[in-house]
Amino acid sequence: QLQASGGGLVQAGGSLRLSCAASGSIFSINALGWYRRGPGKQRELVASITSAGRPNYADSVKGRFTISRDNTKNTVYLQMNSLEPEDTAVYYCNANVIVVGSYYPDDYWGQGTQVTVSS
């Protein structure tokens, strides 16, 4: 199970920090990521981070967003700075997880958290 939090309403130029905690019978977590779906748009990858901590960002958020993870807490974060109205979307966390008793990883999704940036 993935539980996301931290969304809200912020003015352009402001900041928000999203968190997403994984729970359950977890053996290991591979990549973690954040996706978003804006109004009338398709879901897109915002940022991802490997198990070794290597990040990857969409061009639209490079230099403004920072993804990080705390493996002791099975949690991924997304620090969003210099927010723009175009960042308005529902943000979803994603985790590639091997659960206890399984040999293969599977993808899990959080419930989504709304981020609204006003101009």
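These remarks concern the structure in this document. (Residues numbered from 1 in each chain as written. Predicted model: local features only at pLDDT ≥ 70, side-chain atom pairs only at ≥ 80, totals over all residues. Heavy atoms only, no water.)

## Looking at the overall build of the chain
Applied cut-off: Only DSSP runs of H or I with at least four residues qualify as helices, and only runs of E with at least two residues qualify as strands; both kinds are numbered from the N terminus onward. With C-alpha atoms as the basis for the radius of gyration, the globule rule is written as 2.2 Å multiplied by the number of residues raised to the power 0.38. A 1.4 Å probe rolled over the protein chains alone gives each residue an accessible area, and that area as a share of the maximum for its type sets the label: buried under 20%, exposed over 50%, partly exposed in between. The criterion used for residue contact is that any of the two residues' heavy atoms lie within 4.5 Å. All accessibility values rest on the Shrake-Rupley procedure with a 1.4 Å probe; residue burial counts only the protein chains present in the view. Neither His nor the chain ends is counted toward charge; the positive residues are Lys and Arg and the negative residues Asp and Glu. A charge is said to be at NZ when it belongs to Lys, at CZ for Arg, at CG for Asp and at CD for Glu.
Counting secondary structure elements, the chain contains zero helices and 11 strands. Expected size for 119 residues packed as a compact globule is a radius of gyration near 14 Å; at 14 Å, the chain falls within 12% of this value. If you line up the chain on its principal axes, its C-alpha atoms span 50 × 25 × 25 Å. Here the chain holds 119 residues, and 39% of them are scored as buried. Within the chain, counting contacts between residues at least 6 apart in sequence, those at least 24 apart form 54% of the total. As displayed, the chain offers around 6,500 Å² of accessible surface, 48% of which is attributable to carbon and sulfur atoms. Of the side chains in the chain, 10 bear a positive and 8 a negative charge, and the two mean positions are spaced by 3 Å.

## Notes on the packing of aromatic side chains
Our working definition: We call Phe, Tyr and Trp rings a pair once their centres come within 6.5 Å, taking the six-membered ring for Trp, and we label the pair stacked below 30 degrees between planes, edge-to-face above 60, and tilted otherwise. The rule for a charge over a ring is simple: NZ of Lys or CZ of Arg within 6 Å of the ring centre, and within 35 degrees of the ring normal.
Applying the stated criterion across every chain, the model contains one aromatic pair. Arg17 extends its terminal NZ or CZ atom over the ring of Tyr77, reaching a point 4.1 Å from the ring centre. In this structure, Arg43 is placed above the aromatic ring of Tyr35, and the distance from its NZ or CZ to the ring centre is 5.6 Å.

## Topic: the side chain of Arg69
Here is the rule we go by: A side-chain nitrogen of Lys or Arg and a carboxyl oxygen of Asp or Glu constitute a salt bridge if their distance falls within 4 Å. Here a polar contact means two N or O atoms within 3.5 Å. Within protein one must be a hydrogen donor candidate and the other an acceptor candidate, and residues neighboring in sequence count only if both atoms are side-chain atoms.
Topologically, Arg69 is positioned in strand S7 (residues 65-70). Although Arg69 lies buried, it forms no salt bridge, and the closest oppositely charged side chain, Asp70, sits 8.3 Å away as judged by the N-O distance. Within the local environment of Arg69, its side chain forms a polar contact with the backbone oxygen of Asn30, the two atoms lying 2.8 Å apart. Of the polar contacts made by the side chain of Arg69, one reaches the backbone oxygen of Ile49; its length is 3.5 Å. With sequence-adjacent residues up to four places away left out, Arg69 is seen in contact with Ile29, Asn30, Ala31, Leu32, Ile49, Thr50, Ser51, Thr75 and Val76.

## Digging into the pairing of strand S11 (residues 113-118)
Stated formally: For two strands to be treated as a pair, DSSP must find no fewer than two bridges joining them.
Residues Thr113, Val115 and Val117 of S11 are buried on one face, while the alternating residues Gln114, Thr116 and Ser118, pointing to the opposite face, are not. By the bridge criterion, four bridges tie strand S2 (residues 8-11) to S11 in an arrangement that is parallel. Considered in S11, the bridge of Gln11 is made with Ser118. Pairing of strand S9 (residues 89-99) with S11, which is carried by three bridges, proceeds in the antiparallel orientation. For Val90, the partnering residue across the bridge sits in S11 and is Gln114.

## Overview of the nonpolar core
Here is the rule: Put simply, buried Ala, Val, Leu, Ile, Met, Phe, Trp, Tyr and Cys residues joined by side-chain atoms within 4.5 Å make one nonpolar core.
Core analysis: the largest hydrophobic core is formed by 29 residues, its most contacted members being Trp34, Val46, Phe65, Ile67, Leu78, Met80 and Tyr91. Elements supplying a minimum of two residues to this core: strand S1 (2-5), strand S3 (16-22), strand S4 (26-37), strand S5 (44-49), S7, strand S8 (75-80), S9 and S11. Take this core: its biggest share by element is five residues, from S9. With near-sequence residues (within four places) excluded, Tyr91 lies in contact with Leu18, Trp34, Tyr35, Arg36, Val46, Phe65, Leu78, Met80, Gly112, Thr113 and Val115.

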